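# Fold and geometry: a report
Residue-level listing of the chains:
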Amino acid sequence: MSRYYNPVTVYCGARGCEELAADLETELSHVERVLVLTRGESVDRDESLAPLSLWVDQRETVLRELALSNPDLEDIASLTRDLGSFDYQLIIAIGGGSVMDVAKSLAATSKPGLKTVETLRSAVVERSYGAPGTVVPWIGIPTTSGTGSEVTKWATVWDRGQSCKRSILHDTLYARKALVLPQLTRTLPLRLSASTALDAMCQATEAYWSVRTNPITRIYALAAIAEIRTSLPRLKADPHALDVRERLAMASLYAGLAFSNTQTTACHSISYPLTLLRGIDHGIAVSITLAPVLRLNEPALHEPRKLYAAYGVEDAAGVGAVIRDLYDQYEIPARLTAYGVTEEDIPGIIDGAYTKGRMDNNPVAISEAQLHDMLSSLL
């Protein structure tokens, strides 16, 4: 591909928050009812969000704190029923990827009144959402440095009733605006900081080699990889260093802008059954296969030396060493057995690993035999 597109207006830092509030007053002055979704811990009242809070406080507002990860169709249906007749005109999501997945899901499905798992599942499978006038605009404010969800048009929603992962995807689901405030990541635990950053590193790497890659995507991807590689060790040494948090927040944004045009590939596709089966944190589930997938993809890489340079190495083996070193620094187990995965689990993982739009987005076809060997080597 040779084209790039992303319609999200992105604001950065304290001045960005002031500009966002001013623009909302101009562009969305008609909004009277706002749904605010947060990760909890009163993050919506962080002093860095004061200009936005002032704008929100002038409207009828419902706040929901979401203590969940990997939201399920049942979570979306339950929340829709809980909100009842509150006819919100704007959603503000302040949280990590799961909070933004919920925001996008509600933006796409609440107007048609999809309040049961069955009606939601049908709509998601048939993609019968996104019609003009049925999508609620939303604003994304990340509190982690890893998902990039504030600049993408899809949400991941689990369907544990049918033991699979589903996607809600539509051009109308890009955020109206996004605000990147590194201050909001200061209280993020170190392991979660590392896991989300590893997710961003994988997003960027997969965007670089995706069959949909383009020149602009690759620029963002390389910048994200290099920044994460150098900043994660610094964060381990000083978890409260705001300048490092700022670098990781921008790297996450770059990764989001990169894969917003490409979607992800084999690493993410393989990660879904790992998370579903053993609850492995997303960032770990995707990064644990990055090096072996890279080795398979190497013949199809576009300018591989640039990718290796972003990792600060000379070849695919060096990339694997970088990932292992980051795992060691953050005391993250690098073997699947540490998460309870056994040889007997591998056939089921393989069955769930070929996600449409992800595995077929990989530049090299990966056979079931190759995937079996890969997973066995990681036990």
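The following paragraphs examine the structure supplied in this document. (Residues numbered from 1 in each chain as written. Predicted model: local features only at pLDDT ≥ 70, side-chain atom pairs only at ≥ 80, totals over all residues. Heavy atoms only, no water.)

## Re the pattern of salt bridges
Pairing between side chains of opposite charge can happen when their charged atoms approach one another. This is how the line gets drawn: Should a side-chain nitrogen of Lys or Arg be within 4 Å of a carboxyl oxygen of Asp or Glu, the pair is scored as a salt bridge. Residue burial is assigned from relative accessible area. The probe radius is 1.4 Å, only protein chains are included, and a residue is buried under 20% of its type maximum, exposed over 50%, and partly exposed in between.
Per the counting criterion, the structure on display carries 21 salt bridges. Measuring nitrogen to oxygen at the nearest pair gives 3.6 Å for the salt bridge that ties Asp44 to Arg45. We classify Asp44 as buried; its relative accessible area is 11%. Residue classification places Arg45 among the partly exposed residues on the basis of a relative accessible area of 48%. Taken together, the shared-partner salt bridges connect Arg15, Glu18 and Glu19 into one network.

## Some remarks on the pairing of strand β3 (residues 60-65)
What counts is decided by this rule: Two strands pair under a simple rule: DSSP has to find at least two bridges between them. Strands here mean DSSP runs of E at least two residues long; helices mean DSSP runs of H or I at least four residues long; both are numbered from the N terminus. Seen with its strands pointing away from the viewer, a crossover is right-handed when the path leading from the first strand over the helix to the second is clockwise.
Summarising the sheet, strand β2 (residues 33-38) and β3 pair through 6 bridges and their orientation is parallel. Among the inter-strand pairings, Val34 is bridged to a residue of β3, identified as Thr61. Viewed along the sheet, the connection from β2 through helix α2 (residues 50-57) into β3 turns out right-handed.

## Observations concerning the packing of aromatic side chains
Test applied: A pair of aromatic rings is counted whenever rings of Phe, Tyr or Trp (Trp by its six-membered ring) have centres within 6.5 Å, and the orientation is called stacked for planes under 30 degrees apart, edge-to-face for over 60 and tilted otherwise.
Tallied over the full model, the rule gives 6 aromatic pairs. With a centroid separation of 5.9 Å and an interplanar angle of 40°, the aromatic rings of Tyr4 and Tyr220 are classed as tilted. In this pair, Tyr4 is assigned in the segment before β1 (9-12) and Tyr220 in helix α7 (residues 215-237), connecting sequence segments 216 residues apart. A relative accessible area of 26% places Tyr220 in the partly exposed class. Between Phe86 and Tyr88, the aromatic rings sit 6.1 Å apart at their centres with planes inclined by 40°, giving tilted as the arrangement. Taking relative accessible area as the criterion, Phe86 reaches 13% and is therefore assigned buried. Grouped by ring-pair contacts, the aromatic residues Tyr4, Tyr220 and Tyr254 constitute a single cluster.

Distances and angles like these do not, on their own, reveal function.
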